[in-house]
Amino acid sequence: VVRQDSRVFATRGYAFVMVWCDGPKEEVADRVFERWHADAAAVLDWMGQQSWCDGRVGTHGVSLVGSTAFAAVQVAQAPGAPPRGRGGVRR
């Protein structure tokens, strides 16, 4: 599925970034979401520093992958959230 998704986005002119969240599978759900928010902030900052990023970022995912994508949205749209990275990933 990831290869198919990456091809679909790439052929339409989008950069495609697949992020794997790390950590123990036994972690309590609340702790997982805290870590995902921190990971999402780091990824958004990194993406904003890339020459190919104009600050517009979309997320995609279902089930668990959807939850991590949603964490990125929550980080970017949090009240008072700063623009992320050089390109200023926007809300």
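Before going into details, it helps to say that this report is about the structure given with it.

Reading the values: rules and limits
Residues numbered from 1 in each chain as written. Predicted model: local features only at pLDDT ≥ 70, side-chain atom pairs only at ≥ 80, totals over all residues. Heavy atoms only, no water. Core = buried A, V, L, I, M, F, W, Y, C linked by side-chain atoms within 4.5 Å. Buried < 20%, exposed > 50% of the residue type's maximum accessible area, 1.4 Å probe, protein only. Contact = heavy atoms within 4.5 Å. Phe/Tyr/Trp six-rings, centres within 6.5 Å; stacked < 30°, edge-to-face > 60°.

### Points about the nonpolar core
Line of reasoning, step 1. Counting residues in hydrophobic clusters, the biggest one holds six residues: A40, A41, L44, A72, V75 and A76.
Line of reasoning, step 2. Setting aside chain neighbours within four positions, we find A40 in contact with A71, A72 and V75.

### Quick word on the packing of aromatic side chains
Line of reasoning, step 1. Counted under the stated rule, the structure contains three aromatic pairs.
Line of reasoning, step 2. Here F9 and Y14 contribute two aromatic rings whose centre-to-centre distance is 6.2 Å and whose plane-to-plane angle is 90°, an arrangement assigned as edge-to-face.
Line of reasoning, step 3. Look at Y14 and you get exposed, because its relative accessible area is 54%.
Line of reasoning, step 4. Ring plane angle 65° and centroid distance 5.9 Å describe the contact between W46 and W52, whose orientation is recorded as edge-to-face.
Line of reasoning, step 5. Classification of W46 as partly exposed rests on a relative accessible area of 42%.
Line of reasoning, step 6. Using a relative accessible area of 42% as the deciding quantity, one classes W52 as partly exposed.
Line of reasoning, step 7. What links up through ring pairs into an aromatic cluster is the set F9, Y14 and F16.

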